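Summary of the model geometry
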Amino acid sequence: MIAVTFALPAESSAFIRLLKGVKRDGAVVRGNIQRPTPVAQRPTLNVCVLHTGVGKIKCAERVRDFLSSEKLELLIASGFCGGTNDELKPGDLVIGENASTPDLLQKAREILPGAIAGKIHSADRIIDSATDRYAIGREHGAIAVDMETETIGRLCAAESIPMLALRVVSDSSAAPFPAPPNVLFDIEKQRTDFARLLSYIARNPVSALSLAQFARQIAMAKVKLADALVAVLHGL
């Protein structure tokens, strides 16, 4: 069994559409991937998608419970991340050097030559402003920021489970969030508060255009990440 984690179903939907025999059970989705025919010894890979939730607390709770009940060959920590410099743009693939087992890191770099390898920093809040992004880049030597990779890596290391961190940039300094983070997502509720979002749009009508552009940006990023995950799984 190979596990792939995403914070939310909104991040995993394009990847799950590529799975066969999908079965859903709460935060867990199971399915399989047909590998290319030359790989006759393992034509089918069993894949389990775990939605960890957003933030270290919810992530630790779900991943800890999941690892205690599953026997894994390896785990890929995936989903969205934010860029911390002006070079990264939405749709860029990021391989977390600091959170990946060396052999999986090397394989991923060979399979995905266009991906950018570097450190992914896990923050305790959603990072929005360019100033905060630049600061994280300087202080932590990170090219990208998320909220879960560090926690997943720590729990996998404790269980001696090989891990690869592969994420896609959803937002960056040059392409920031179209609304304040607390409007886009409520971490306590683990979902978007649509009443709050609609209220924000009513007060800022021009934001509707930015939100629509962001939705297209996210859709493109999800597809690119899904294709990259399948390529990596085929190549393992």
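Figured I'd write up the structure that's included with this text. Quick caveat: nothing in here was measured; it's all calculated off a predicted structure. (Residues numbered from 1 in each chain as written. Predicted model: local features only at pLDDT ≥ 70, side-chain atom pairs only at ≥ 80, totals over all residues. Heavy atoms only, no water.)

Across all of its chains, the model carries ten salt bridges by this definition. For Asp 171, the salt bridge is made with Arg 133, and the minimal N-O distance between the two is 2.7 Å. With a gap of 38 residues between them, Asp 171 in strand β10 (residues 163-171) and Arg 133 in helix α4 (residues 130-140) connect regions that are remote in the sequence. Here Asp 186 and Arg 196 are joined by a salt bridge, their closest N and O atoms 3.7 Å apart. Pair noted here: Asp 186 is in the loop between α6 (181-184) and α7 (194-203) and Arg 196 is in helix α7, with a separation of ten residues, a long-range link. Taking relative accessible area as the criterion, Asp 186 reaches 11% and is therefore assigned buried. Judged by relative accessible area, Arg 196 falls into the partly exposed class, the value being 32%. (Salt bridge = Lys/Arg side-chain N within 4 Å of Asp/Glu carboxyl O. Helix = DSSP H or I, 4+ residues; strand = E, 2+ residues; numbered from the N terminus. Buried < 20%, exposed > 50% of the residue type's maximum accessible area, 1.4 Å probe, protein only.)

Volume-wise, the largest pocket comes out at about 820 Å³. Every residue lining the largest pocket is counted, 32 residues in all, and those nearest its centre are Leu 8, Glu 11, Phe 80, Phe 177 and Phe 185. Counting only elements with at least two residues in the lining of the largest pocket, the list comes to α1 (9-16), β6 (80-83), β9 (142-146), β10, α6, α7 and α8 (207-235). Per-element accounting of the lining of the largest pocket gives the leading share, five residues, to α8. A breakdown of the residues in the lining of the largest pocket according to their chemical character gives 20 nonpolar, four polar and eight charged. (1 Å grid on protein atoms, 1.4 Å probe; cavity = no way out; pocket = protein on both sides within 12 Å on 5 of 7 lines; lining within 4 Å. Points joined across faces, edges and corners; volume = space filled by probe spheres on them. Nonpolar A, V, L, I, M, F, W, Y, C, P; charged D, E, K, R; others polar.)

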